[in-house]
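Chain by chain, the residues run as shown.
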Amino acid sequence: LQLLQWQKKRRGQHGRRWVLKTPAHLGYLETLLSVFPDAHVVHVHRDPLETIPSGASLNYTLWTMHTDDVDPMEVGRQWIERMAWANRRALTARERLEREGAGFTDVWFRDAMTDPLGEVERIYSATGMALDDNARAAMTTWLANDARETRPTHAYTARQFGLSDDQIRDEFADYIARYIADHQGA
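Given the structure is predicted, the values throughout are model-derived calculations rather than measurements.

A.B. asks: What am I meant to see in helix α3 (residues 48–64) here?
C.D. replies: Helical geometry: 3.6 residues make up each α-helical turn, so side chains three or four residues apart lie on a common side. Taking 1.5 Å per residue as the helical rise, α3 with its 17 residues ought to reach 24 Å, and the 24 Å between its terminal C-alpha atoms agrees with that figure. For α3, the set of buried residues is Pro 48, Ile 52, Pro 53, Gly 55, Ala 56, Ser 57 and Asn 59. Elements that come into contact with the buried residues of α3 comprise α4 (72–99), α8 (165–171) and α9 (173–180).

A.B. asks: Would you mind showing me how to read the side chain of His 45 here?
C.D. replies: Positionally, His 45 belongs in strand β1 (residues 40–45). Classification of His 45 by relative accessible area gives buried; the value is 1%. For His 45, the contacting residues outside a window of four places in its chain are Arg 94, Asp 106, Val 107, Trp 108, Phe 109, Tyr 175, Tyr 179 and Ile 180.

A.B. asks: What is the right way to read the confidence of the model for the chain from this model?
C.D. replies: Any region with low pLDDT has predicted coordinates that should not be read closely. Averaged over all residues, the pLDDT of the chain equals 91, while 98% of them reach at least 70. Mean pLDDT in the chain bottoms out at helix α1 (residues 2–10), which sits at 85, and peaks at α8, which reaches 98.

A.B. asks: How do you make sense of the side chain of Thr 127 when you look at a structure like this?
C.D. replies: In this structure, Thr 127 sits in helix α6 (residues 116–127). Judged by relative accessible area, which is 17%, Thr 127 ranks as buried. Here Tyr 124 takes part through its backbone oxygen, which lies 3.0 Å from a polar atom of the side chain of Thr 127. The contacts of Thr 127, once residues within four sequence positions are left out, are Arg 17 and His 40.

A.B. asks: Can you walk me through the pattern of salt bridges in this structure?
C.D. replies: Two side chains with opposite charge may pair up if their charged atoms get near one another. Scanning the entire structure with this criterion turns up 13 salt bridges. Ionic pairing is found between Glu 121 and Arg 136, a salt bridge with its closest N-O pair at 2.3 Å. One end of the pair, Glu 121, is in helix α6; the other, Arg 136, is in helix α7 (residues 133–145), and 15 residues separate them in sequence. Ionic contacts of the salt-bridge type, sharing partners, join the residues Arg 94, Glu 98, Asp 106 and Arg 178 into one network.

A.B. asks: Help me understand the environment of Asp 47, please; the structure alone is not making it clear to me.
C.D. replies: By the element assignment, Asp 47 lies in the loop between β1 and α3. The buried category is assigned to Asp 47, whose relative accessible area is 14%.

A.B. asks: Mind showing me how you'd approach the pairing of β1 here?
C.D. replies: Along any regular strand, the residues point their side chains to alternate faces of the sheet. Only one face of β1 is buried, namely the one carrying Val 41, His 43 and His 45, since none of His 40, Val 42 and Val 44 on the opposite face is buried. Judged from the 6 bridges that link them, β1 and strand β2 (residues 103–108) form a sheet pairing that is parallel. Each bridged residue has a counterpart across the sheet, and for His 40 the counterpart in β2 is Gly 103.

Rules of the game
Residues numbered from 1 in each chain as written. Predicted model: local features only at pLDDT ≥ 70, side-chain atom pairs only at ≥ 80, totals over all residues. Heavy atoms only, no water. Helix = DSSP H or I, 4+ residues; strand = E, 2+ residues; numbered from the N terminus. Expected span 1.5 Å × (residues − 1). Buried < 20%, exposed > 50% of the residue type's maximum accessible area, 1.4 Å probe, protein only. Contact = heavy atoms within 4.5 Å. pLDDT = per-residue confidence, 0-100. Polar contact = N/O pair within 3.5 Å; in protein donor to acceptor, adjacent residues only side chain to side chain. Salt bridge = Lys/Arg side-chain N within 4 Å of Asp/Glu carboxyl O. Pairing = 2+ DSSP bridges.

Written out as structure tokens, the structure reads:
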């Protein structure tokens, strides 16, 4: 990222804030913030009973692009192992990093679905950025054109990847207690 930013500046382009979206960062928050100490992490929270089967399904699809012989049980095993590891590291890192003043904004998935612009405004405010009228209008247009109700459904279950709800709850118990339990009905 630093190389890409440097290249932009060398071309005379204005360096802008990077916006990255991936759960892969969760396991490396300390590294990320040691290299980019002024980064602001927006941590989106959703029940692992929803995200783990979803991630396994996505990874299954990605694996099928490279081989004809994909074991969904192996995909599920690897995904839950990877995300449980990342979440444990994130919980530990956040405790220390927040005490040291690192910037985090927590967003709950349901809040983002019910009031997306309100959550965006909250993120912009937390990062010290101004949400101008043009950006707000573009977001409103995008939301109208990308309505979830108009998309085809994607059905999957934990069971099809060899996982159970109890297993997911056990692996993510600390995360659920810290971020999900109080927001279940929200």
